[in-house]
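Geometric and topological summary
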Amino acid sequence: MPTGRLSGPILGIESSCDETACAVLDADGRILAEAVLSQEAEHAPYGGVVPEIAARAHLAHLPDLVRRVMGQAGVGYAELGGVAASAGPGLIGGLIVGTGVAKGIALAHGTPFVAVNHLEAHALTVRLPGLVEDGVAFPYLLLLVSGGHCQCVAVDGVGRYRKLGGTVDDAAGEAFDKVGKLLGLGWPGGPALERLASGGDGARYAFPRPMKGRDNCDFSFSGLKTAVAMEVSRQPPGPLPHQVAADIAASFQRAVAEVLAERTGRAIAMMGGASDLLVVAGGVAANATIRAALEIEAARHGYRMVAPPIRLCTDNAVMVAWAALERLRLGWSDGLDFAPRPRWPLDAPDMIGERLVTG
Ligand code: KG4
Ligand code: ZN
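Owing to the predicted nature of the structure, the values given are computational and were not obtained by experimental measurement. (Residues numbered from 1 in each chain as written. Chains lettered and ligands numbered in written order. Predicted model: local features only at pLDDT ≥ 70, side-chain atom pairs only at ≥ 80, totals over all residues. Heavy atoms only, no water.)

1. Details of the site of ligand 1
Filter applied, for reference: It suffices for a single heavy atom of a residue to lie within 4 Å of a molecule or strand for the residue to be listed as near it. In the analysis that follows, any N or O atom pair within 3.5 Å is treated as a polar contact, provided that within protein one partner can donate a hydrogen and the other can accept it, and provided that, for residues neighboring in sequence, both atoms belong to side chains. For the area figures, the Shrake-Rupley method with a 1.4 Å probe applies, and any residue is considered shielded solely by the protein chains shown.
Within the structure, ligand 1 sits among 16 residues, and Gly 147, Asp 177, Gly 190, Glu 194 and Gly 283 are positioned closest to it. Within the backbone of Gly 173, an N or O atom sits 3.1 Å from an oxygen atom of ligand 1. In this structure, Gly 283 approaches ligand 1 through a main-chain N or O atom, which is 3.0 Å from an oxygen atom. Protein contacts shield 88% of the accessible area of ligand 1, which totals 560 Å² for the unbound molecule.

Written out as structure tokens, the structure reads:
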């Protein structure tokens, strides 16, 4: 299997959900330039991501963003050693836009193209040079907690993933967003809910701890959200008093933190001593209460917890370029006929190796 250094820098593109992002890394993985455009304001009036609006916004902003980031990096297109885009899982309109732009550059300049699995990008981010002292070796346990994903994955190597468990309904971030909406916090709910919860009593409401104690590491959050909705509906008509809202927020947050920690403890047990490292990624990793609960749980099992900085935990293109770089180092690139995939589990059979042109 060929391994080694790339022939030039790598351009990464992210457009699988509501962030339009580009990044250029040098052949060793150092960040030369990066930019993320959030579409939060475009989707906020609808209380969630509207796929058609997302696709149009990616189309409107991506070409300029690529030019700008390439300019900032001081890299010419002909110098690139690879060009990559998130090719799934995600919203198909955005995936088509991102992969289309990447393939166009690859075709025009004869550059290797990499169709990056977005979940693989989250999974490998922590291996970016300089992020964790002394680097991160395989295997490790990944807890991915964002608005779209909630799963525990054994990361055995590039392309080598074993999903240990995942949510049977909502993702953790989705639960924050839905409860945020119930509390009148706008969208996305996570950051606002954490702020509100900081002045609340997390012991006031005994919300359920779904899945706690089950002999696996699956998650479920929709019952917890329903319990919050019922509590809200029991309150007298009119706006919720601030302290009630804060106590509900804190009690909900405590329930999520407790469940995430307990479920992650199960996942650590399922690793069977193969590793001593827990990596947490995704927007929910920004939550201080949740991070603290995970850190304590990891330590209880003799594990160390690491999380990339928040800007690399949430959707970004640095992680896409890095995942592509890891694949290119193994000699793996993809055909220009690779069709983006709205669903693409990490343990799909073609995660290992080159995905050849089939057309
Ligand atoms: O990773 P991300 O930016 O996008 C994807 O969903 O892929 O994650 C966004 C999610 C949203 O659901 C948001 O409410 C949640 O992460 N989030 C938080 C916090 N910051 C963001 N949830 C809880 N506490 C936070 N501080
Ligand atoms: Zn993501």
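2. Focus on the coordination of the zinc ion (ligand 2)
Selection rule: Water is not among the atoms examined, so metal sites may look incomplete; donors are the N, O and S atoms within 2.8 Å of the metal, or within 3.2 Å for Na, K and Ca. Numbering of helices and strands runs from the N terminus, with a helix taken as a DSSP run of H or I at least four residues long and a strand as a DSSP run of E at least two residues long. Burial classes: relative accessible area under 20% of the type maximum marks a residue as buried, over 50% as exposed, and values in between as partly exposed (1.4 Å probe, protein chains only).
With distances of 2.2 Å, the protein atoms coordinating the zinc ion (ligand 2) are His 118 (NE2), His 122 (NE2) and Asp 315 (OD). Coordination of the zinc ion (ligand 2) draws on donor residues from a single chain, spaced H-x3-H-x192-D in sequence. Of this pair, His 122 sits in helix H4 (residues 118-124) while Asp 315 sits in the loop between helix H10 (310-313) and helix H11 (318-329), placing them 193 residues apart in sequence. For Asp 315, a relative accessible area of 15% puts it in the buried group.

3. What to know about the environment of Ala 137
With respect to the secondary-structure elements, Ala 137 resides in the loop between H4 and strand E6 (140-145). Since its relative accessible area comes to 54%, Ala 137 is described here as exposed. A sequence separation of 138 residues divides Ala 137 from Ser 275, and the C-alpha atoms of the two residues are 9.5 Å apart.

4. So, the domain arrangement of the protein chain
To keep it simple, the criterion reads: Where a domain begins and ends is set by an automatic assignment or by a domain database. By definition in these notes, contact holds between two residues if any of their heavy atoms fall within 4.5 Å. Accessible area that two parts lose when put together, evaluated with a 1.4 Å probe and summed over both, is termed the buried area.
Once the domains are mapped, the protein chain shows domain 1 (10-127 + 313-358) and domain 2 (140-307). Relative placement of domain 1 and domain 2: their C-alpha centres are 27 Å apart. Contacts between the two partners involve 25 residues from domain 1 and, on the opposite side, 22 residues from domain 2. The junction of domain 1 with domain 2 conceals about 1,900 Å² of combined surface from both sides, 71% of it contributed by carbon and sulfur atoms.

5. Let's talk about the sheet that holds strand E3 (residues 31-38)
Using the following cut-off: If DSSP finds at least two bridges between two strands, the strands pair. A fitted line through C-alpha atoms serves as each axis, taken over the contacting stretch for helices, and the angle formed by two N-to-C directions is quoted from 0 to 180°.
The 5 strands are arranged E3-E2-E1-E4-E5 in an open sheet whose pairing can be described as mixed. Either end of the sheet is taken by a strand with one partner, and the two such strands are E3 and strand E5 (113-117). For this sheet the average axis-to-axis angle between neighbouring strands, irrespective of direction, equals 15°. As judged from the 4 bridges shared by strand E1 (residues 10-14) and strand E4 (residues 82-88), these two strands associate in the parallel manner. Bridge assignment links Gly 12 to a residue of E4, and that residue is Ala 84. Each of E1, strand E2 (19-25) and E3 touches helix H2 (residues 51-73); the most contacted strand, E2, lies at about 20° to it.

6. Thoughts on the packing of helix H8 (residues 242-271) against helix H9 (residues 288-300)
Here is the rule: Any angle that is under 35 degrees is reported as roughly parallel, and any over 145 degrees as roughly antiparallel; angles of 65 to 115 degrees are reported as roughly perpendicular and all others as oblique. Handedness of each helix crossing follows the sense of rotation of the near helix against the far helix: counterclockwise by less than a right angle gives left-handed, clockwise gives right-handed. Under the convention adopted here, Pro, Cys and the residues Ala, Val, Leu, Ile, Met, Phe, Trp and Tyr are nonpolar, Asp, Glu, Lys and Arg are charged, and Gly plus all remaining residues are polar.
Where H8 contacts H9, the axes come no closer than 9 Å and their chain directions differ by 30°. Between H8 and H9, the angle falls in the class roughly parallel. Considering how the two elements wind past one another, H8 and H9 form a crossing that is right-handed. Contacts from Gln 253, Val 256, Ala 257, Leu 260, Ala 261, Thr 264, Gly 265 and Ile 268 in H8 reach Thr 289, Ile 290, Ala 293, Leu 294, Glu 297 and Ala 298 in H9. Classifying every residue of the contact of H8 with H9 by side-chain character gives 9 nonpolar, 4 polar and 1 charged.

7. Describing unusual backbone geometry
Following Gly 88, the chain continues into Pro 89 via a peptide bond in cis, with omega recorded as -10°. Among the secondary structure elements, Pro 89 is positioned in the loop between E4 and helix H3 (92-109). In the segment running from Phe 138 into Pro 139, the intervening peptide bond is cis, with an omega of -5°. Within the fold, Pro 139 resides in the loop between H4 and E6. Here Asp 134, not a glycine, exhibits a phi torsion of approximately 70°, which is positive. Looking at the secondary structure, you find Asp 134 in the loop between H4 and E6. With relative accessibility at 79%, the residue Asp 134 sits in the exposed group. Phi at Met 211 is positive, roughly 75°, even though this residue is not glycine. Taking relative accessible area as the criterion, Met 211 reaches 14% and is therefore assigned buried.

8. Considerations on the environment of Val 155
Along the polypeptide, Val 155 turns up in strand E7 (residues 150-157). Sequence separation between Val 155 and Glu 120 is 35 residues, and the spatial gap between their C-alpha atoms is 9.3 Å.

9. Re the packing of helix H5 (residues 172-182) against helix H6 (residues 189-197)
Between H5 and H6, whose axes approach to 8 Å, the crossing angle comes to 65°. Where H5 crosses over H6, the handedness of that crossing is left-handed. Along the contact surface, H5 presents Phe 176, Asp 177, Val 179 and Gly 180, while H6 presents Gly 189, Gly 190 and Leu 193. Of the residues in the contact of H5 with H6, the class split is 3 nonpolar, 3 polar and 1 charged.

10. Some points on the pattern of salt bridges
Condition: Any carboxyl oxygen of Asp or Glu within 4 Å of a side-chain nitrogen of Lys or Arg constitutes a salt bridge here.
Applying the stated criterion across every chain yields a total of 21 salt bridges. Between Asp 170 and Lys 178 there is a salt bridge, with its nearest N and O atoms 3.2 Å apart. Look at the salt bridges and you will find they share partners, linking Asp 170, Glu 174, Lys 178 and Lys 225 into a network.

11. Here we look at the packing of aromatic side chains
We count it as follows: Any two of the Phe, Tyr and Trp rings considered here, Trp counted by its six-membered ring, make a pair once their centres fall within 6.5 Å; the pair's planes then place it as stacked at under 30 degrees, edge-to-face at over 60, or tilted in between. A ring is considered to have a charge above it if a Lys NZ or an Arg CZ atom is located within 6 Å of its centre and within 35 degrees of its normal.
On inspection of all chains with the given rule, the structure shows 5 aromatic pairs. Considering the side-chain rings of Phe 176 and Phe 252, the 5.1 Å spacing of their centres and the 75° angle between planes classify their relative orientation as edge-to-face. With Phe 176 in helix H5 and Phe 252 in helix H8, this residue pair connects regions lying 76 residues apart in the sequence. Note on accessibility: Phe 176 and Phe 252 belong to one class, buried. Ring geometry for Phe 219 versus Phe 221: centroids 6.3 Å apart, planes at 15°, classification stacked. The exposure class of Phe 221 is buried, given its relative accessible area of 1%. One residue, Arg 341, lies across the ring of Trp 344, its end atom 4.7 Å from the ring centre.

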